[in-house]
Amino acid sequence: SYYTECPLFRNQLGRATWSYLHTMAAYYPSNPSQIEQTKMKDFIDTFAKTFPCKHCSTDFQEEVEKNPPRVENNEQLSKWFCEQHNVVNQKLGKAEFDCDRVFERWKFGYSKNPKCKGYL
Ligand code: FAD
């Protein structure tokens, strides 16, 4: 059975981390200041360099170099993280996520499911 006091497997850490990153992006300002934009870029740079799955970190740093973060607003940042997550999905043979639905998944909830609402 699932024992929550154990150290994380890579997939558990991945799922928790993506949940954090997509939620952070969804709640990022729609009109961030220059300082907020710089802090977000610095955060992503540090995150990429310190993510504890080593080969995930190496690959993610390369992707960030190729396709720099779009920090101009919450919509662009959410789409950027969604695209990055899709790069990993593709690498792992998982289904691609429709990035037009990223706010439904991570901020507002799917209208088809009234129980599925955001709580922050
Ligand atoms: P996850 O992929 O963790 O997704 C969680 C939920 O997010 C899904 O149920 C879905 O509702 C939603 N979702 C899915 N795709 C998207 C998207 N594109 N945009 C928005 N929401 C989406 N694992 C490896 O084995 N090798 C790696 O190299 C690797 N690199 C990683 C790099 C980073 C930066 C991170 C954060 C994780 C990485 N992982 C890697 C972990 C991997 O991405 C998954 O988190 C893990 O395999 C668990 O997958 P999952 O099926 O539970 O769902």
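Residues numbered from 1 in each chain as written. Predicted model: local features only at pLDDT ≥ 70, side-chain atom pairs only at ≥ 80, totals over all residues. Heavy atoms only, no water.

Q: Hey, could you run me through the nonpolar core in this one?
A: Generally speaking, a soluble globular protein has its nonpolar side chains buried in company with each other. Leu21, Met40, Ile44, Phe60, Leu77, Trp80 and Phe81 are the most contacted members of the largest nonpolar core, which has 18 residues in total. Contributing elements (two or more residues each) for this core: α1 (10-26), α2 (34-50), α3 (54-66) and α4 (74-91). Non-local contacts of Leu21, meaning those with residues more than four positions away in its chain, are made with Phe43, Phe47 and Phe81. Ranked by size, the runner-up nonpolar core spans six residues in total, among them Ala26, Cys99, Val102 and Trp106. (Core = buried A, V, L, I, M, F, W, Y, C linked by side-chain atoms within 4.5 Å. Buried < 20%, exposed > 50% of the residue type's maximum accessible area, 1.4 Å probe, protein only. Helix = DSSP H or I, 4+ residues; strand = E, 2+ residues; numbered from the N terminus. Contact = heavy atoms within 4.5 Å.)

Q: Can you help me understand the state of the cysteines in this one?
A: Linking two cysteines covalently via their sulfur atoms produces the bond known as a disulfide. All told, the structure shown has two disulfides when counted by the stated rule. Covalent S-S linkage joins Cys53 and Cys56, the inter-sulfur distance amounting to 2.1 Å. Taking the torsion about the sulfur-sulfur bond, which here is approximately 65°, the covalent link between Cys53 and Cys56 counts as right-handed. Each member of the pair, Cys53 as well as Cys56, carries the same accessibility label: buried. (Disulfide = S-S within 2.5 Å.)

Q: Can you help me understand the site of the ligand in this one?
A: The immediate surroundings of the ligand are formed by 23 residues, with Arg15, Trp18, His85, Lys91 and Arg105 found nearest. One of the backbone nitrogen or oxygen atoms of Cys82 is found 2.9 Å away from a nitrogen atom of the ligand. Between Arg105 and the ligand, the recorded distance is 2.7 Å, taken from a side-chain N or O atom to an oxygen atom. The fraction of the free accessible surface of the ligand (960 Å²) that becomes covered by protein chains is 86%. At the level of secondary structure, the elements contributing two or more residues to the shell around the ligand comprise α1, α3, α4 and α5 (102-108). The greatest single-element share of the shell around the ligand, amounting to seven residues, is contributed by α1. (Near = heavy atom within 4 Å. Polar contact = N/O pair within 3.5 Å; in protein donor to acceptor, adjacent residues only side chain to side chain. Areas by Shrake-Rupley, 256 points an atom, 1.4 Å probe, with all protein chains shown as cover.)

Q: Which parts of the structure should I look at to understand the pattern of salt bridges?
A: Here the idea is simple: oppositely charged side chains can pair when their charged atoms come close. Inspection of every chain in the model, using the stated rule, returns six salt bridges. Among the salt bridges present, the one from Lys49 reaches Asp45, with a minimum N-O distance of 3.0 Å. On the criterion of helical spacing, the pair formed by Lys49 and Asp45 is a turn pair, its members being four residues apart in helix α2. Lys49 sits in the partly exposed class, given a relative accessible area of 48%. Here Asp100 and Lys79 are joined by a salt bridge, their closest N and O atoms 3.4 Å apart. Linking Asp100 in the loop between α4 and α5 with Lys79 in helix α4, this pair joins segments that are 21 residues apart in sequence. On the basis of relative accessible area, Asp100 is assigned to the exposed category, the value being 63%. (Salt bridge = Lys/Arg side-chain N within 4 Å of Asp/Glu carboxyl O.)

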